Amino acid sequence: MSAYSSDLHLNVTDTTGNGVEVDVATNLLNGTVRLSVLWTQEIRLHPTTPNG
């Protein structure tokens, strides 16, 4: 049995418009959040600044 529980009501959107499907789950034992990429053709990562 997994300690993670998916949040089905959380609205996670793909801002790139590439149709990325993700699952966000919380570990019920320690509160850790897991983000899983379920389907995508490519992953683009963009750096962000703390203030911006």
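You'll find the structure just up there.
Presented here is a report on the structure given in the accompanying data block. Since we're looking at a predicted model, the values are computed, not measured. (Residues numbered from 1 in each chain as written. Predicted model: local features only at pLDDT ≥ 70, side-chain atom pairs only at ≥ 80, totals over all residues. Heavy atoms only, no water.)

**Re the side chain of Asp23**
Put simply, the test is: The secondary structure listing takes helices from DSSP runs of H or I that are at least 4 residues long and strands from runs of E that are at least 2 residues long, numbered from the N terminus. We call two N or O atoms a polar contact when they sit within 3.5 Å, provided that within protein one can donate a hydrogen and the other can accept it, with sequence-adjacent residues counted only if both atoms are side-chain atoms. Residue contacts follow a heavy-atom distance rule, with two residues in contact if any of their heavy atoms lie within 4.5 Å.
Along the chain, Asp23 turns up in strand 2 (residues 21–27). At a separation of 2.9 Å, a polar atom in the side chain of Asp23 contacts the side chain of Ser6. If we skip the residues at most four places from it in the chain, Asp23 touches Ser6, Arg34, Leu35, Ser36 and Leu38.

**Describing the environment of Ser6**
Its location among the elements puts Ser6 in strand 1 (residues 4–6). As a C-alpha pair, Ser6 and Asp23 span 17 residues in sequence and 6.8 Å in three-dimensional space. Ignoring anything within four residues of it in the chain, the contact list for Ser6 reads Asp23, Val24 and Ala25.

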